[in-house]
Amino acid sequence: MSQSFGQVIRQRRKNKGYSQRELAEKLEIDFTYLSKLENDRAKYSPKEDIIRDLAAYLDLDADELIFLAGKLPEDNEDFLREHYKSMPTLFRRMKENPKFAEKIFNQAIQEDGKG
């Protein structure tokens, strides 16, 4: 089973040797909010700039962390607006047919590695 947003940032924070207070101070957020994020108990996910800062301090991929938080990177929003009619079908097909989803993801990974 994959890790949640909170589990990923808590584990990486500990691996980097930061206390919650230290990391929260660097992010300019309250340490109690960071604690809620790490325990997946925050009432709302952080703004993209906080997630990007988390990724930078923790040496994580910012876009992956944004997706893990259940958000969409702002630079992808225009693309989705342009193709909004196709997105429900794409997501439905990937959910209903894991082999199709695996093929799409593998192709994207291979093409990304070539660039």
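In this report, the structure presented in the accompanying data block is examined. Only a predicted model underlies this, so the values are computations on that prediction, with no experimental measurement involved. (Residues numbered from 1 in each chain as written. Predicted model: local features only at pLDDT ≥ 70, side-chain atom pairs only at ≥ 80, totals over all residues. Heavy atoms only, no water.)

**Quick look at the nonpolar core**
Right, on to step 1. F5, I9, I29, L34, L54 and L65 are the most contacted members of the largest nonpolar core, which has 19 residues in total.
Right, on to step 2. Contributions of two or more residues to this core are made by helix 1 (5-16), helix 2 (20-27), helix 3 (31-38), helix 4 (48-58) and helix 5 (62-68).
Right, on to step 3. The biggest single contributor to this core is helix 4, with five residues.
Right, on to step 4. Among residues more than four places away in sequence, those in contact with I9 are L34, L37, E38, L54, L58 and L65. (Core = buried A, V, L, I, M, F, W, Y, C linked by side-chain atoms within 4.5 Å. Buried < 20%, exposed > 50% of the residue type's maximum accessible area, 1.4 Å probe, protein only. Helix = DSSP H or I, 4+ residues; strand = E, 2+ residues; numbered from the N terminus. Contact = heavy atoms within 4.5 Å.)

**Describing the packing of aromatic side chains**
Here the distance between the centres and the angle between the planes together describe a pair of aromatic rings.
Right, on to step 1. Enumeration according to the criterion identifies one aromatic pair in this entry.
Right, on to step 2. Plain terms: the ring middles of Y33 and Y44 are 5.4 Å apart, the flat faces sit at 25° to each other, and that makes the pair stacked. With Y33 in helix 3 and Y44 in the loop between helix 3 and helix 4, this pair connects stretches of sequence that are eleven residues apart.
Right, on to step 3. Given a relative accessible area of 54%, Y44 falls into the exposed group.
Right, on to step 4. Positioned over the ring face of F31 is R21, at 3.8 Å from the centre of the ring. (Phe/Tyr/Trp six-rings, centres within 6.5 Å; stacked < 30°, edge-to-face > 60°. Lys NZ or Arg CZ within 6 Å of the ring centre and 35° of its normal.)

**Describing unusual backbone geometry**
Right, on to step 1. A positive phi angle is found at E28, which is not glycine, with a value near 60°.
Right, on to step 2. For E28, the position within the fold is in the loop between helix 2 and helix 3.
Right, on to step 3. Its identity as a non-glycine residue notwithstanding, D40 has a phi of 55°, on the positive side.
Right, on to step 4. Along the polypeptide, D40 turns up in the loop between helix 3 and helix 4.
Right, on to step 5. According to the relative accessible area criterion, D40 is partly exposed, its value standing at 44%.

**A short note on the packing of helix 1 against helix 3**
Right, on to step 1. At a minimum axis separation of 7 Å, helix 1 and helix 3 run at an interaxial angle of 120°. Between helix 1 and helix 3, the interaxial angle falls into the category oblique. Residues F5, G6, Q7, I9, R10 and R13 of helix 1 form the contact with helix 3, whose participating residues are L34, L37 and E38.
Right, on to step 2. Classifying every residue of the contact of helix 1 with helix 3 gives four nonpolar, two polar and three charged. (Axes fitted to C-alpha atoms, helices over the stretch in contact; angles between N-to-C directions. Parallel < 35°, antiparallel > 145°, perpendicular 65-115°, else oblique. Nonpolar A, V, L, I, M, F, W, Y, C, P; charged D, E, K, R; others polar.)

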